[in-house]
Amino acid sequence: MEKIWLKSYPAGIPETIPAPPFRSLKEMIEHSFNEYPLRTAFSNMGTALSYRDLDNLSMQFAMFLQHSLGLERGERLAIMLPNVLQYPVALCGAFRAGLVVVNVNPLYTARELKHQLEDSGATAIVVLDNFAHTVAEVFGETHLEHVVTTAVGDLLDWPKNLLTNFVLKYVQRKVPSYSLPGNHRFRDALEARHEQALQAADLGPADTAFLQYTGGTTGVAKGAMLSHRNMLYNVFQSATWQGGVFDGLAQVVGIAALPLYHIFSLEGNCLLMMHLGGENVLITNPRDMKRFVRELGKHRFAYFTGVNTLFAGLLNTPGFAELDFSNLRLSIGGGMAVQATVSEKWRAVTGQHIIQAYGLTETSPAAIINRTDVTEFTGSIGLPISSTEVRICDAEGEDVPVGESGEICIRGPQVMEGYWQKPEETAAVMLVGGWLRTGDIGYMNEDGYVFIEDRKKDMIIVSGFNVYPNEIEAVVAAMDGILEVAAIGIPDEKSGEVVKIFVVRKDTSITKDDVLAYCRENLTGYKVPKAIEFRDELPKSNVGKILRRALRE
């Protein structure tokens, strides 16, 4: 296979990168602790944690996990947190204790949470008080033995910590009551005293670092096994691809507005910035755009990651255009297609185009990225990055001619080890030779740039999050009085796409409000249909399969 993309590489970017100098993410972060002790590692709501602080706190938490909870190497720890300072402490502590991290969306319903906890076999979870009621609802139906709860302000400086927790709980009433007898408090875990030192975990490249849940290409939630090797390579691939974009800066300050539990922000912000000795500015609630813009005004940030809807929202928020962008070197857009108009408006305001990137949970995630020196919006998702190969294949897995459409297939050291305990699902997406079928349809031009045209499956992308029609349909079909249902994505100015469902009722007294209320009880917010249409029947193929394509048309 001719690697035609190499001729379009920027000067100095290698075809391949050497093996990372660390055996595990644990080694990488501990190197940063030693290399940059006085630099700020993470900041949130005005409180900063230095690399030395993170070193000390994560060591305390690791000892708590190992000695107080008795967790052993390879056990799964679920982390159900938004972007707060507790997240990096828990993450680093988990690796130092030799555990596997299971990232959990805090907005999951009880049904969604139960599936992920059951499937992963997680025996412990760290959860924000605001979402602990969901854990309490399913605790007895999972493998959980230990729960560690924390409040938003627990690691903020005094008196902001007390004020923040008081307002959220008693004024805004954002903390529903819950009962989890025997749960541990995060602050107590950090202050516990242990007679024994931490038994260092000897993690290697092949050990699993994350069970990162995704619908993959079939819609059934599965845990992608991302090894320390996968993640280390992707961090170093990303750093290499950036070239010298941050040269001359005393420290890279990056804005982490996307949730760290999402693979994009997990690798592109949390881990990459730690490797570079940079600072991650954690935005806990990016939907509060006015407060978000005020926070941005306090930092001379050089690095910004986001999805199209986030960029568009900021551009439409008063005060954003007046911020100081003189230090901004790189804006990366992923998770969903970046719109040309949004990129152009971003360039007009900030002086930088949004660099469109592409990846999947299964690729840790970065695989295809535009050059960082582009001077215009390309419409492409970019070039295969160093140590990454891309083929465009037909249904039989054979290459199609340059310029013709087919399924995008990827090979590289960042491609997952497989799906957790699902060998058949793994085999369905892996071609001979280690090639991953992405499920996305696109083409490669003669210069090696890749363009996405359509999705092989009927996946819907809402603000960068994958939504699968099968899941929506299964939930709605379980409602009493519903005969059939089909879900599709329809365009939306704010989120790119939203879910629309077509419903055939057995009980015609059911209203749209009834269906909506049921969905809200059983689905995370971004999966809840924004449009509902009742029909007498749904279009079907000659074998009875509902034709979503006909509904879209």
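Note that the structure is a prediction, hence the values are computed from the model and not measured.

What counts and how
- Residues numbered from 1 in each chain as written.
- Predicted model: local features only at pLDDT ≥ 70, side-chain atom pairs only at ≥ 80, totals over all residues.
- Heavy atoms only, no water.
- Helix = DSSP H or I, 4+ residues; strand = E, 2+ residues; numbered from the N terminus.
- Rg over C-alpha atoms; globule rule 2.2 N^0.38 Å.
- Contact = heavy atoms within 4.5 Å.
- Areas by Shrake-Rupley, 256 points an atom, 1.4 Å probe, with all protein chains shown as cover.
- Lys, Arg positive; Asp, Glu negative; His and termini not counted.
- Charge placed at Lys NZ, Arg CZ, Asp CG, Glu CD.
- Salt bridge = Lys/Arg side-chain N within 4 Å of Asp/Glu carboxyl O.
- Buried < 20%, exposed > 50% of the residue type's maximum accessible area, 1.4 Å probe, protein only.
- Pairing = 2+ DSSP bridges.
- Arc of directions from axis to C-beta.

A few words on the overall build of the protein chain. Of the regular secondary structure elements, the protein chain holds 16 helices and 27 strands. The C-alpha atoms of the protein chain give a radius of gyration of 23 Å, which matches the 24 Å a tight globule of 553 residues would have. With respect to the three principal axes, the spread of C-alpha positions in the protein chain is 70 × 60 × 50 Å. Of the contacts formed within the protein chain by residues at least 6 apart in sequence, a portion of 69% connects residues at least 24 apart. Of the roughly 22,900 Å² of accessible surface on the protein chain, 49% is carried by carbon and sulfur atoms. Of the charged side chains in the protein chain, 51 are positive and 65 negative, and the gap between their average positions amounts to 4 Å.

What follows concerns the pattern of salt bridges. Once the charged atoms of two side chains with opposite charge are near each other, the side chains can pair. All chains considered together, the criterion is met by 26 salt bridges. Across the pair R111 and E471 runs a salt bridge, and its minimum N-O distance is 3.0 Å. Placement of R111 in helix 4 (residues 110-120) and of E471 in helix 14 (residues 469-477) is noted, with a sequence separation of 360 residues between them. Judged by relative accessible area, R111 falls into the partly exposed class, the value being 34%. Residue class for E471 comes out buried when judged on its relative accessible area of 18%. Among the ionic pairs, R185 bridges to D154, the shortest N-O distance being 3.8 Å. You can see R185 sitting in strand 7 (residues 184-185) and its partner D154 sitting in the loop between strand 6 (146-150) and helix 6 (160-171), a full 31 residues away along the chain. For D154, a relative accessible area of 10% corresponds to the buried category. Residues joined in a network through salt bridges with shared partners are K3, E15, E389 and R411.

Time to look at the sheet that holds strand 1 (residues 40-44). Read across the open sheet, the nine strands follow the order 2-1-11-10-12-13-14-15-16; overall the sheet is mixed. Of all strands in the sheet, those with a lone pairing partner are strand 2 (47-50) and strand 16 (383-384), marking the two edges.

Of all the positions in helix 10 (residues 289-296), only M289, F292, V293, E295 and L296 are classed as buried. Taken end-on, helix 10 shows its buried residues confined to a sector of 160°, consistent with a single buried face. In helix 10, the exposed positions that point more than 90 degrees away from the buried face belong to K290, R291 and R294. Where helix 10 is buried, its residues touch strand 10 (253-256), strand 11 (279-282), strand 12 (303-306) and helix 11 (308-315).

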